[in-house]
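# Coordinate analysis (summary)
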Amino acid sequence: QVQLVESGGGLVQAGGSLKLSCVASGRIFSIDAMGWYRQAPGKQRELVATISNGGSTNYADSVKDRFTVSRDNTKNTVTLQMNSLKPEDTAVYYCNAALYGFPSYWGQGTQVTVSS
C-alpha cells in the first residue's frame, strides 16, 4: 500500500500563488500516475492535474496556464504550483496515487481558500 502526506494549503488573496506538495511512501515502486483533485462545497470531486511516472501531464481546462504539476521521483513527491488563483479555486485539494494492479490511494486533503 501507499501512504500520502500532503502539505500546503491555506488562505490566499485572489491573484496570489500557493504551492501544494504530496509525499508518497510505502509501495512507491508500484506507483504509476499521481495527481491532484479538488472538491468544492456542493460539488463533486474533480480532476485538477495528473502526471505519469514518465512526466506526462494532464490539466483541467479551468487551471491550464495557471497551475503546474511536477514530480520528483527521487523524493517520491508531487507538487502543484498554483498561480493567479481565483475564488473559484477554493476547495479541498486531494493528492492521489494510482498503482499498477491496485486501487488508487488518497491523501487526507488540504484546504485552499482564495479570498476576493
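Just so it is clear, the structure is predicted and the values come from calculations on it, not from any experiment.

Rules used in this analysis
- Residues numbered from 1 in each chain as written.
- Predicted model: local features only at pLDDT ≥ 70, side-chain atom pairs only at ≥ 80, totals over all residues.
- Heavy atoms only, no water.
- Disulfide = S-S within 2.5 Å.
- Helix = DSSP H or I, 4+ residues; strand = E, 2+ residues; numbered from the N terminus.
- Buried < 20%, exposed > 50% of the residue type's maximum accessible area, 1.4 Å probe, protein only.
- Core = buried A, V, L, I, M, F, W, Y, C linked by side-chain atoms within 4.5 Å.
- Pairing = 2+ DSSP bridges.
- Axes fitted to C-alpha atoms, helices over the stretch in contact; angles between N-to-C directions.

## Brief notes about the state of the cysteines
All chains considered together, the criterion is met by 1 disulfide. Between cysteine 22 and cysteine 95 runs a disulfide, and the two sulfur atoms are separated by 2.1 Å. Judged by the sign of its S-S torsion, about -85°, the cystine formed by cysteine 22 and cysteine 95 is left-handed. Residue cysteine 22 is found in strand β3 (residues 18–26), and its partner cysteine 95 is found in strand β9 (residues 91–99); the two are separated by 73 residues along the sequence. As far as burial versus exposure is concerned, cysteine 22 and cysteine 95 are alike and both buried.

## Examining the nonpolar core
In this structure, Met34, Trp36, Leu80, Met82 and Tyr93 are the most contacted members of the largest nonpolar core, which totals 30 residues. Breaking this core down by element, the ones donating at least two residues are β1 (2–7), β3, β4 (31–39), β5 (46–51), β7 (67–72), β8 (77–82), β9 and β11 (110–115). Ranked by residues supplied to this core, first place goes to β9 with 5 residues.

## Let's talk about the sheet that holds β8
Reading across from one edge, β1-β3-β8-β7 is the order of the 4 strands in this open sheet, with antiparallel pairing throughout. Two strands lie at the open edges of the sheet, namely β1 and β7, each paired on one side alone. If you compare each strand with its neighbour and ignore which way they point, the axes differ by 15° on average.

## Structural notes on the pairing of β5
Of the pairings in the sheet, the one linking β4 to β5 comprises 5 bridges and is antiparallel in character. Residue tryptophan 36 lies in a different strand from β5, and its bridge partner there is alanine 49. What sits between β4 and β5 in their antiparallel hairpin is a turn of 6 residues, with glycine 42 showing a positive phi close to 75°. Bridging between β5 and strand β6 (residues 57–59) involves 3 bridges; their strand directions are antiparallel. Bridge pairing in β6 links isoleucine 51 to threonine 57. Taken together, β5 and the strand that follows it, β6, pair antiparallel across an intervening segment of 5 residues, in which glycine 55 is found at a positive phi of about 100°.

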